[in-house]
Every structure is written in C-alpha cells, then in structure tokens.
Amino acid sequence: MALTPADVARLGELARVRLTEEELVHLAPQLDVILASVARVAEVAGADVPPTSHALPLTNVFREDVVTESLAADAVLAGAPSVEDGRFRVPRILGEEV
Amino acid sequence: MSELLRAGAAELAGRIATGEVSAREVTAAHLDQIAGVDDRIKAFLYVDGKRALAAADAVDAKRAAGEELGPLAGVPLAMKDIFTMKGAPTTCGSRILEGWVPPYNSTITDKLLAAGVVVLGKTNMDEFAMGSSTENSGFFTTHNPWDNTKIPGGSGGGSAAALASFEAPLAIGTDTGGSIRQPASVTGTVGVKPTYGATSRYGVVAMASSLDTPGPCARTVLDAALLHQVIAGWDPRDATSINAPVPDVVAAARHADVAGMKIGVVREFGGEGYQPGVEQRFGEALAVLEGLGAEIVEVSCPHFDYALAAYYLIMPSEVSSNLARFDAMRYGLRVGDDGVNSVEEVMNLTRGAGFGAEAKRRIIIGTYALSSGYYDAYYGSAQKVRTLITRDFDAAFANVDVLVSPTTPTTAFTIGERADDPLAMYKADLCTIPSNLAGNCAASIPCGLADGLPVGFQVMAPALADDRLYRLGAALEAELTSRWGGGLLDQLAESPSGAYLNVGGVR
C-alpha cells in the first residue's frame, strides 16, 4: 500500500484542503509511514471485541426544553470574514452551468 | 518582588485574603516578569495587562468591602489559547483563527472569573493542540525555561513554560493524548488530566471530542488541586459532562499519605526507547513511595502497546470531522473570495492556506481512515483496541489503587530534532495516551532531573477517583522536596542556568 501524491490530492479535495505540489510530494511518504505503523491495530481487533466510540456510557443527553438567551446577532457577525445586510455573506454556491 | 513570583498559588491567595499583599501587586509582579523574560520563553500569544489589573483591583475592592474571597481569588493564571474568553483573541495556535475574538466565554473561563482568578493572557500551543513541542504553532515556538534550546512539551507548552519561568503560578490546559502531562513532565511542573467529562469542554476549541479533557497546571500538587476544584463540575452545556460530585481533591492534596496504597507499575512502559536517566528517576520515586508505606507490584497491560496506533486513527478521524467547522464562512480566515470562485473553491483555498502541516496530516489521515473500504480495518479496529485498553485498566484497577509509569520516555528534546519525523514526535505521548482512550484520570508529578532536565512521574487512577492522583502526588512531592531542600523549580531559580529568570536568592 503506497499512497501516491495523486491519492493524497484526492483526499485533500474530499477534505476541502488544497495542497500544493510540494506538500503532496512531502506528505505522501510521511502518511505512508504513519498508516503502516497504525495498521497494527488489526492484529488484536478480533471479531468478538465490541468497539468503543466513547469512554462514557451516555446516550441521548437532553437539556430541559426551556428558552434561554442566545448570542446577539451582531456579536456573532463581528467575527465573520464577510457580512451583508446583517447576514453572513458567502461566495456563490451554484455551479457555472446553472 | 521575585519573592511574590516564587510563592505558590495557595500562599498568594492566603496573603491576598489577609491583606498582607494586594492582588494588584501580585498581578503587577507577574506582568513585569512576563515583560522581562517572555522575549526568551515566548510562552504567551497574548497578554492583556490592563484587563488583568482591573480583575485584580476588583478582588482588592471585594476584600476591602469585607466580602469573602474564594480560595484562589487574586491569583494570576496563564490560559491556553484554546479556551474562549470574551474580548480576548482566541487562535488555538492557528493562522486560520488569527484575529478572531470570541463573543462568549468557555464554562471554565466563567468559573475562573467568578472565582476571582486573574487571567494574564493566552498561551502558545501546537496548532489545534496537535503536537508535543509547540513547534506546530502557527505563530512561534515556545522555549523550555530549563534550557532554551529545548522544547517545552506540547501541545500546552506555553502554559507549562509560563509556570516554570515564574510568569504565572497557575495555568490551564487541555489533554487529548498528553498535552497537559507531557509539558508538565519536561518543564518540572505538575499537570493533571482529570477524568473525561469531569471538566467542561464548552467553549474549548474541539480537537478530538471523545478525548479532549481540560485540566489544571501548577507548580505544586496543592495548587493544582485548588485549581481543579474551581474548574471541575457538571455542565449542562457539555453533553458529555458527568453529573456526579467532584472528588475532594484539595483534601487529598493536603492528606499526603500513601501508606497501604497499592501501586501498580505498568510493565509495558519501559526498556527500549526510554532514556536511562528517566528510568532511573522513576525507579527512585518508586522506592520513595515504598518507603512511605505503599505496596509496589508489577502489572501487565498488554494492549497498551497498541494504544499509540489506535490513538493515531481515532484522534485524526475526530479531527477531520471537528475541523470541518473552519469553512471560511462564519469566522476566521477567508481566501480567494474574488466573486468568481465557488464556495467549495474558497473553502479549499482557505483551508490550504490557513492550516499548518500537522493539521493537514491529521485531516488527511482521518479522511482516509473513515473512507469506505478502509473504515473497518482502520477506524473500526482502533475502536476495538479502545475496548481492550479499557479492559486492561479495569483488570489492573481490580487489584491496585493506581498505576504508574514515566510520563514520557525522554526528557525535553531539542527544538527541531523531531520536527520532520511525525512518528518520533508522536512517541512522546506513548505513556499518556491510554488514559485518554479509557477516559480515566492521570497526572504528572516532577521526580527529579536527568542530565539537567526534568523527569515526570505519571500516576493513573480510575474514572472519578481523581483524589488518588493528588494523594500520591502530594506524598511524593513532600518527600522529594524535603530531600532536595526545595521544589524542582527552586533548583532552577537558584541555578546559574536559571539566573536570567531573576527570581533567585529569595527563599
């Protein structure tokens, strides 16, 4: 199993992280070494062992259904990279063909 | 003034409460120390002296009005830059959050402010708490006060270095795989990872949510306990918060007695890869505890050998999901918004520009481990190993009260030494990771020097038995301090290599 720079570029696009050519060449062998090392978990992960996703046996934690104060809109928008008419302004979300 | 810097939090709070010294004087002394030495240490990303002095004045005014002060009122604290605090920039060590000023406080920030603790500023860390050296900070690397060419540990290296350079008597951090304990170990300070869920994650920038645990950092076990008591407790705003009483950690720290305590030494944590000086100090600490009446037995936890591998699958998987929130839309950096680029392209460009190398490595590993076709072999298997490690702990704690090991296999390594070898860097957390995977509590206590650099002694206890960490920690600390004629950091303060800290000759 050797991860190629092209594989890493694809994973980067899936994770929405644009990687430069230089980064891809640097990252691919590093990730290979790391993945080869962590693959040993399979040695002891028998079919009879149940998985643990979380240390605490908590499920469906709900709070009381009461109205509480929320943050003021302007305080939240103050940290936004771009704002318009009291809302977050985002880049276009539709493709060219639309 | 240096005498105020050498004093611990418990002592300072007592003197402030009696009026022998004002909170303002204490805060001003620490701000001066930061101004004097932080050019060399680089522990702080942000210092707000005006705000700190105002908070100190409020404590002094309360005292003057005859109001009762809390046990840490007026004591300065260095806050890891992962906790939100209104009006103070929070970067989490990342360029992608540079300049963001949170509109709310973390629950722990609220608790600290309510207790009258004086926040001096925000400390440096590896980006999004990913690292063991602060070299992954998007801003700069923090230096170890014992030797400025060495790393201060990570991710909470800034908080640990602030304590060891007498810039603050208290600090807080977060521990996902060792980020409180490993920095404590390499700086000669005390660091505690409480039971998972005992300290609130609300308002703490998330790295791996099933592992992240905020906790106290200090120069003494009692100071850590006092801080633990202030920050712990159930929080309805954190869905994984434990609704159970906090063990009386302060009483445990004052009750430094290990007579009859059964201590298990983890057989798997030693040997190859462990620095001889670290093993030597660890062995001596065991003898000290035995001399104090503890019973020492060897315990095998066979699956701990797989903890690092499981961690480097589970953690990146959670990272790849958690860091999706940095999407350039609601806060932080935005790159490439030229009116033509689509939202996806702006996300790609922003995250490519804003995340550092380690964040990218982990996001990619996590994305890979969770992808269909690999999920069972990687993430699924890692979750099973998590079960096996928890079973190892359960079996061990059926026979012993606590488990112990060195906190980290080596003393502080040289800055740059492991920067391009991720696996070597990851091994710094070899001994600390199991407690994160199982969710129990653990601490690092200074146990001496090896080649002039601090060594940490790790103690692990069952979930919700955090008091045992403090009982053992205080006993070990009291005996070692009495043998040394002072704490480990007193040795630094009085030594030629610590002369630049300007705190010598007062005790």
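In what follows, the accompanying structure is described. (Residues numbered from 1 in each chain as written. Chains lettered and ligands numbered in written order. Predicted model: local features only at pLDDT ≥ 70, side-chain atom pairs only at ≥ 80, totals over all residues.)

## Here we look at the interface of chain B and chain A
Each side of the interface is counted separately: chain B has 59 residues, and chain A has 47 residues. At the level of elements, α11 (307-322), α12 (343-354), α13 (357-369), α14 (376-397) and α15 (422-426) of chain B are the ones that each hand at least two residues to the side of chain B that touches chain A. For the side of chain B that touches chain A, a count of residues per class yields 33 nonpolar, 17 polar and 9 charged. (Contact = placed C-beta atoms within 7 Å. Helix = DSSP H or I, 4+ residues; strand = E, 2+ residues; numbered from the N terminus. Nonpolar A, V, L, I, M, F, W, Y, C, P; charged D, E, K, R; others polar.)

## Looking at the packing of helix α1 (residues 5-14) of chain A against α13 of chain B
Running from N to C, α1 of chain A and α13 of chain B point in directions that differ by 90°, and their axes come no closer than 9 Å. Classified by the angle between their axes, α1 of chain A and α13 of chain B sit roughly perpendicular to one another. Contact with α1 of chain A, carried on its side by Val 8, Leu 11, Gly 12 and Leu 14 of chain A, involves Ile 364, Thr 367 and Tyr 368 of chain B of α13 of chain B and no other residues of that element. A per-class count over the contact of α1 of chain A with α13 of chain B returns 5 nonpolar, 2 polar and no charged. (Axes fitted to C-alpha atoms, helices over the stretch in contact; angles between N-to-C directions. Parallel < 35°, antiparallel > 145°, perpendicular 65-115°, else oblique.)

## Observations concerning the nonpolar core
Among the nonpolar cores identified, the biggest contains 189 residues, and Leu 77, Ala 310, Leu 313 and Val 459 of chain B are the most heavily contacted of them. Of all the elements, α11 of chain B adds the most residues to this core, at 10 residues. Not counting the four nearest positions on each side in its chain, Leu 313 of chain B is found in contact with Val 38 and Val 41 of chain A together with Ala 369, Tyr 378, Tyr 379 and Ala 382 of chain B. (Core = buried A, V, L, I, M, F, W, Y, C linked by C-beta atoms within 7 Å. Buried ≥ 20, exposed ≤ 12 C-beta atoms within 10 Å, placed from the backbone.)

## Quick notes on the sheet that holds strand β6 (residues 213-218) of chain B
Residues and elements named next belong to chain B. Spatial ordering of the open sheet is given by β1-β3-β2-β4-β6-β5-β10-β11-β9-β7-β8, a layout of 11 strands whose pairing is mixed. The strands lining the two open edges of the sheet, one partner per strand, are β1 (44-47) and β8 (295-299). Each strand of the sheet is rotated relative to its neighbour by a mean of 30°, with strand direction disregarded. On the sheet, helix α4 (residues 49-64) packs against β1, β2 (76-80) and β3 (118-123) and is oriented at approximately 155° with respect to β3. Contacts between helix α8 (residues 221-231) and the sheet are confined to β4 (170-175), β5 (190-193), β6 and β10 (441-450), with β6 contributing the most and set at about 145° to the helix. (Pairing = 2+ DSSP bridges.)

## Section: α13 of chain B
Helical geometry: 3.6 residues make up each α-helical turn, so side chains three or four residues apart lie on a common side. The first and last C-alpha atoms of α13 of chain B sit 18 Å apart over 13 residues, in line with the 18 Å expected at 1.5 Å per residue. The element α13 of chain B is extensively covered by neighbouring structure, given that 11 of its 13 residues are classed as buried. Ala 359, Lys 360, Arg 361, Arg 362, Ile 363, Ile 364, Ile 365, Gly 366, Thr 367, Tyr 368 and Ala 369 of chain B are the residues of α13 of chain B that are buried. Residues of α13 of chain B that are buried sit in contact with α1 and α2 (21-38) of chain A together with α11, α14 and α15 of chain B. (Expected span 1.5 Å × (residues − 1).)

## Quick word on α4 of chain B
Residues and elements named next belong to chain B. Across its 16 residues, α4 extends 22 Å between first and last C-alpha, which sits within 8% of the 22 Å expected from 1.5 Å per residue. Contacts made by the buried residues of α4 are with α2 (9-18), α3 (23-41), β2 and β3. Positive phi appears at Gly 66, one or two residues downstream of α4, with a value of about 85°.

## Looking at the pairing of strand β7 (residues 262-266) of chain B
All names here are of chain B. The sheet contact formed by β7 and β8 spans 5 bridges and is parallel. When the sheet's bridge partners are listed, Gly 264 is paired in β8 with Val 297. Crossover connection from β7 via helix α10 (residues 276-291) to parallel β8: handedness right-handed. (Right-handed = clockwise from strand over helix to strand, strands pointing away.)

## Focus: unusual backbone geometry
With an omega of 10°, the peptide bond between Gly 154 of chain B and Ser 155 of chain B qualifies as cis. Position of Ser 155 of chain B relative to the elements: it lies in the loop between β3 and α6 (157-164). Positive phi outside glycine occurs at Asp 85 of chain A, with the angle close to 50°. Within the secondary structure, Asp 85 of chain A is located in the loop between β1 (83-84) and β2 (87-88). Of note, the phi angle at Lys 42 of chain B is positive, near 55°, even though the residue is not glycine. Structurally, Lys 42 of chain B can be placed in the loop between α3 and β1. Note on Lys 42 of chain B: 22 C-beta atoms within 10 Å, which makes it buried.

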